[in-house]
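The lines below spell out each chain.
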Amino acid sequence: MPVSRALHYVLLGCALVLLLVFSAPLLFAENASVGLWLMQCIPLLLTLPGLWQRRPRALQWLGFLVLFYFLNGVLQAASAVPLHRWLGALTVLLCVVLFAAVIVAFRGSRRPRQTQRTE
């Protein structure tokens, strides 16, 4: 069963908004690191073509990546800087939604196994 259209839009939307959240410190903070931005965005950008084409392997990789982004968001939410706190909280929220959507999409894309009958 293919991934539904609404779920596909949720997956792509959350991934793109997560990219925007990662880009926000470059626009608003003075001490933003381009290296950190590249380390966060390149893996997510590599999964986007597979998400667009609805490949299950891309969903698997995105599920792994989201766990690291979740950890980053929790650490960032504990920051003393108010901008980093808000971006961390938004990252955590997006990661929870994205991970749930990945799990639902991956479960829906799996084919049922053929069971062997022993007679």
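Below: a short report on this structure. Note that the structure is predicted; figures quoted are calculated from it, not measured.

**Things to note about the overall build of the protein**
- Helix and strand content of the protein: four helices and zero strands.
- Seen in sequence order, the protein has helices and strands lined up from the N terminus as α-α-α-α.
- Accessible area of the protein: about 8,400 Å², with a carbon and sulfur share of 68%.

**Quick word on the layout of surface pockets**
- Approximately 240 Å³ is the volume attributed to the largest pocket.
- Lining the largest pocket are 14 residues, with Pro 25, Ser 33, Leu 36, Gln 76 and His 84 sitting closest to its centre.
- Elements that contribute at least two residues to the lining of the largest pocket include exactly helix 1 (5–28), helix 2 (34–52) and helix 3 (56–77).
- Among the elements that make up the lining of the largest pocket, the one with the highest residue count is helix 1 (four residues).

**Regarding the state of the cysteines**
- Applying the stated criterion to the full structure yields zero disulfides.
- Of the cysteine sulfurs around Cys 95, a residue in no disulfide, the closest is that of Cys 14, at 9.1 Å.

The rules behind these values
- Residues numbered from 1 in each chain as written.
- Predicted model: local features only at pLDDT ≥ 70, side-chain atom pairs only at ≥ 80, totals over all residues.
- Heavy atoms only, no water.
- Helix = DSSP H or I, 4+ residues; strand = E, 2+ residues; numbered from the N terminus.
- Areas by Shrake-Rupley, 256 points an atom, 1.4 Å probe, with all protein chains shown as cover.
- 1 Å grid on protein atoms, 1.4 Å probe; cavity = no way out; pocket = protein on both sides within 12 Å on 5 of 7 lines; lining within 4 Å.
- Points joined across faces, edges and corners; volume = space filled by probe spheres on them.
- Disulfide = S-S within 2.5 Å.

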